[in-house]
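One-letter residues, chain by chain:
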Amino acid sequence: MTESTFWGPDFDELRAADPEIADVLVGELARLRRGLQLIASENFTSPAVLAALGSTLSNKYAEGYPGRRYYGGCEQVDRAEEIGIARAKQLFGCDHANLQPHSGASANLAAYAAVCMPGDTVLAMSLPHGGHLTHGSKVNFSGKWFSVVPYGVREDTELIDYDEVRDLARAHRPKLIICGATAYPRLIDFAAFRAIADEVGAVLMVDAAHFIGLVAGQAIPSPVPYADIVTFTTHKVLRGPRGGMVVCTSEWAQKIDKAVFPFSQGGPLMHAVAAKAVALKEAQQPSYQTYASQVIANCQALADGLAAEGLRPVAGGTDTHLTLIDLREAGVTGQEAELRCGAAQITLNKNAIPYDPQPPMVASGIRVGTPSVTTQGMTEGDMKDVANLIGRAIRDVDSSSTAELTASVEALAGRYPAYPRI
Ligand code: DSN
């Protein structure tokens, strides 16, 4: 199959109209195929999702919700949104779903807006311990507009300290408690958070962006039965388009909808809403459940392999799609490891580890994830090779070994080409 039949006849038009940007698309595909994509928050969407994204639905203004729009001509996009909402409700067993948030940060902004007023107290995981910018960072709206009390992980176990969370909740009486993280490799005890929220009369929001795909694939427990509001992105393990979603109980439905539109967003991106609906259908298939379980099996094999390379997995390993690696024993910073791996076509990110002595732009760790390589078809045996390649990239720095290593990386990636139909 040629590039143009994969991307549709429009690709030829793009190449004619704008060869520079066409070249970027081709170059990015080559980059994906040449190396190992181990960023825990990325994945490879299906051609069906890409087709919906690259559709004329991008043209349509549809402020409002299905059947209640501020523009005419919404009958087709209404169908897309209604289908997507029904699929989300079925997949997650939730009362209500909103597919319009443009991103995870937008979904979180809407959740804050639905629950809180500026100045209210919020209890959330601190960014240096694995939280997210929108969980109270001083440089983000959350830290500027709300009084955010951070909780973290214990230094000895590197696990969430539920006693600390309870003590902080009792002391500060937050209006909103947020759980969920971007660099926490273990399962979160949603029942414990629910009990703490109930004890202090707080609303419980779960930011499930990282692991919602594992929930959709029934590979880990769901936060939906415990949370008032669950926010997430659609492009991580869930393998949909870049974007956000909120699911919630019927009690919060109207407030969430109003917080998304008109409070924090204008017109929804209907091509993205349609692509989210496609991804939700894909996630309902038995093959997606197999995928979600394999993502975890691969990540556990990768964490074990990295430990065998002398690179320590934080919290003793992983239950999810990501593992956080402490590089201090190896005498390499996260920044340097990211660069060395990048030079060998292994794409991953530096990441703070709990109680990190380094600033965030340097960091003592790396975060590695298996959503993309699992989509490519790799399994546990390949993860041993991936771990060995990362270990070599971090240890061996002279240019002759980098050339040899890059050839090994390209050979492995070449056995599982991304977007093989091109
Ligand atoms: N930037 C995302 C991540 O990499 O985890 C979270 O928003």
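Coordinates for the structure precede this section.
Residues numbered from 1 in each chain as written. Predicted model: local features only at pLDDT ≥ 70, side-chain atom pairs only at ≥ 80, totals over all residues. Heavy atoms only, no water.

### Side note on the pairing of strand 8 (residues 203-207)
Within strand 8, 5 of the 5 residues are buried, leaving the element largely enclosed by the surrounding structure. Here strand 8 shows a buried face lined by Val-203, Met-205 and Asp-207 and a second buried face lined by Leu-204 and Val-206. Sheet analysis places strand 7 (residues 176-179) next to strand 8, joined by 4 bridges and oriented parallel. In the strand pairing of strand 8, Ile-178 is matched with Met-205. On the question of chirality, the crossover connecting strand 7 to the parallel strand 8 by way of helix 9 (residues 190-200) is right-handed. Two elements, strand 8 and strand 9 (residues 229-233), share 3 bridges in a ladder whose sense is parallel. Residue Met-205 lies in a different strand from strand 9, and its bridge partner there is Ile-229. (Buried < 20%, exposed > 50% of the residue type's maximum accessible area, 1.4 Å probe, protein only. Helix = DSSP H or I, 4+ residues; strand = E, 2+ residues; numbered from the N terminus. Pairing = 2+ DSSP bridges. Right-handed = clockwise from strand over helix to strand, strands pointing away.)

### Focus on the packing of aromatic side chains
By the definition in use, this model includes 11 aromatic pairs. Taken together, a centroid distance of 5.9 Å and an interplanar angle of 40 degrees make the contact between Phe-44 and Tyr-419 tilted. With Phe-44 in the loop between strand 1 (36-37) and helix 4 (47-53) and Tyr-419 in the segment after helix 17 (399-415), the pair connects residues that are 375 residues apart, well separated along the chain. Side by side, Phe-44 and Tyr-419 carry an identical accessibility label, which is buried. Ring geometry for Tyr-61 versus Tyr-71: centroids 5.0 Å apart, planes at 15 degrees, classification stacked. With a gap of 10 residues between them, Tyr-61 in the loop between helix 4 and strand 2 (64-65) and Tyr-71 in the loop between strand 3 (68-69) and helix 5 (75-92) connect regions that are remote in the sequence. (Phe/Tyr/Trp six-rings, centres within 6.5 Å; stacked < 30°, edge-to-face > 60°.)

### So, the sheet that holds strand 7
Pairing within the open sheet is mixed, and its 7 strands lie in the order 4-10-9-8-7-5-6. Each end of this open sheet is capped by a strand with a single partner; those strands are strand 4 (96-98) and strand 6 (147-151). Averaged over neighbouring strand pairs, the angle between their axes works out to 20 degrees when direction is ignored. Here strand 5 (residues 121-125) runs beside strand 6; their pairing, made up of 5 bridges, is parallel. (Axes fitted to C-alpha atoms, helices over the stretch in contact; angles between N-to-C directions.)

### What about helix 6 (residues 104-115)?
Between the first and last C-alpha of helix 6 there are 17 Å, a value that for 12 residues agrees with the 16 Å anticipated at 1.5 Å per step. Where burial is concerned, most of helix 6 is hidden: 9 out of the 12 residues are buried. When we look at burial in helix 6, the residues that qualify are Gly-104, Ser-106, Ala-107, Asn-108, Ala-110, Ala-111, Tyr-112, Ala-114 and Val-115. A distance of 3.4 Å separates the backbone nitrogen of Ala-105 from a side-chain oxygen at the start of helix 6, and that oxygen is part of Ser-103. (Expected span 1.5 Å × (residues − 1). Polar contact = N/O pair within 3.5 Å; in protein donor to acceptor, adjacent residues only side chain to side chain.)

### Some words on the pairing of strand 12 (residues 322-326)
Strand 12 sits mainly inside the fold: 5 of its 5 residues count as buried. Burial of the side chains of strand 12 extends over both faces: Leu-322, Leu-324 and Asp-326 are buried on one face and Thr-323 and Ile-325 on the other. By the bridge criterion, 2 bridges tie strand 11 (residues 312-313) to strand 12 in an arrangement that is antiparallel. When the bridges of strand 12 are listed, Arg-312 appears paired with Asp-326. Pairing analysis gives 5 bridges linking strand 12 to strand 15 (residues 365-369), with the strands arranged antiparallel.

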